[in-house]
Amino acid sequence: MNEPSTGKDAFEPTCPFCRSSDVERESAFGSEISKAQYYCHNCQTMFERLKYDGKRPDTGR
């Protein structure tokens with residue numbers, strides 16, 4: 001079974017339009033509380049990315 005990558009690179013955002021890693025977080029919250037807004041310096045586009053730290057949330061079960 002393949003385990004998800006836990007390295008730092010797995011959580012660094014890249015632009016979904018041009019695949020550039022030259023991005024900057026604009027806002028901690030996007031259109032939903034579970035998303036953050038980023039700005040791509042390469043193609044000058046705003047995009048949102050889900051916040052996910054790779055850990056499973058505790059559901060109390």
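Residue numbering note: each chain is counted from 1, following its sequence as written. Per-residue local features are limited, in this predicted model, to residues with pLDDT of at least 70; the limit for side-chain atom pairs, both in listing and counting, is 80 or more; totals at the level of whole chains, interfaces and linings are taken over all residues. Only hydrogens and water are set aside; all other atoms, that is, all heavy atoms of the structure, feed into the side-chain values.

> Whenever I open this one, the sheet that holds strand S2 (residues 35–40) confuses me. Can you help?
In any sheet, the strands associate via hydrogen bonds between backbone groups, in a parallel or an antiparallel arrangement. At least two bridges found by DSSP between two strands is the condition for calling them paired. Helix and strand assignments follow DSSP, with helices taken as H or I runs no shorter than four residues and strands as E runs no shorter than two, numbered in order from the N terminus. Strand order in this open sheet of three strands is S1-S2-S3, and the pairing throughout is antiparallel. Bordering the open sheet on either side are strand S1 (23–27) and strand S3 (46–50), each of which pairs with just one other strand. Neighbour-to-neighbour, the strand axes of the sheet open up by a mean angle of 40°, direction not taken into account. Direction of pairing for S2 relative to S3: antiparallel, over a ladder of five bridges. Paired with Tyr 38 across the bridge in S3 is Phe 47. Only the stretch in contact is used when fitting a helix axis, every axis being a line fitted to C-alpha atoms; angles between N-to-C directions are given from 0 to 180 degrees.

> Would you take a moment to explain the pairing of S2 for this structure?
Successive side chains on a regular strand alternate, one facing one side of the sheet and the next facing the other. For each residue, the accessible area found with a 1.4 Å probe, counting protein chains only, is set against the maximum for its type, and the residue is called buried under 20%, exposed over 50%, and partly exposed in between. Only one face of S2 is buried: it carries Ala 36, Tyr 38 and Cys 40, and the other face, with Lys 35, Gln 37 and Tyr 39, is open. When S1 meets S2, the two strands line up antiparallel, connected through four bridges. Residue pairing in the sheet places Arg 25 in a bridge with Tyr 38 of S2. Between the antiparallel neighbours S2 and S3 lie five residues, among them Gln 44 with a positive phi of about 55°.

> Any chance you could explain the confidence of the model for the chain here in plain terms?
For any part of a model where pLDDT is low, the fine detail of the predicted coordinates should not be relied upon. Of all residues in the chain, 79% have pLDDT values of 70 or greater, and the mean over the chain is 81. In this model, residues 1–9 is a region of pLDDT below 50 whose contacts with residues beyond four sequence positions or in other chains number three contacts. pLDDT runs from 0 to 100 and stands for how confident the predictor is about each residue. By definition, residues are in contact when any of their heavy atoms lie within 4.5 Å.

> In this structure, what is going on with the environment of Cys 15? I would like to understand it.
In this fold, Cys 15 is placed in the segment before S1. In this structure Cys 15 comes out as buried when scored by relative accessible area, which is 0%. Separated by 30 residues in sequence, Cys 15 and Thr 45 have C-alpha atoms that sit 8.3 Å apart. The contact partners of Cys 15, leaving out residues within four places of it in the chain, are Ser 20, Val 23, Cys 40, Cys 43 and Phe 47.

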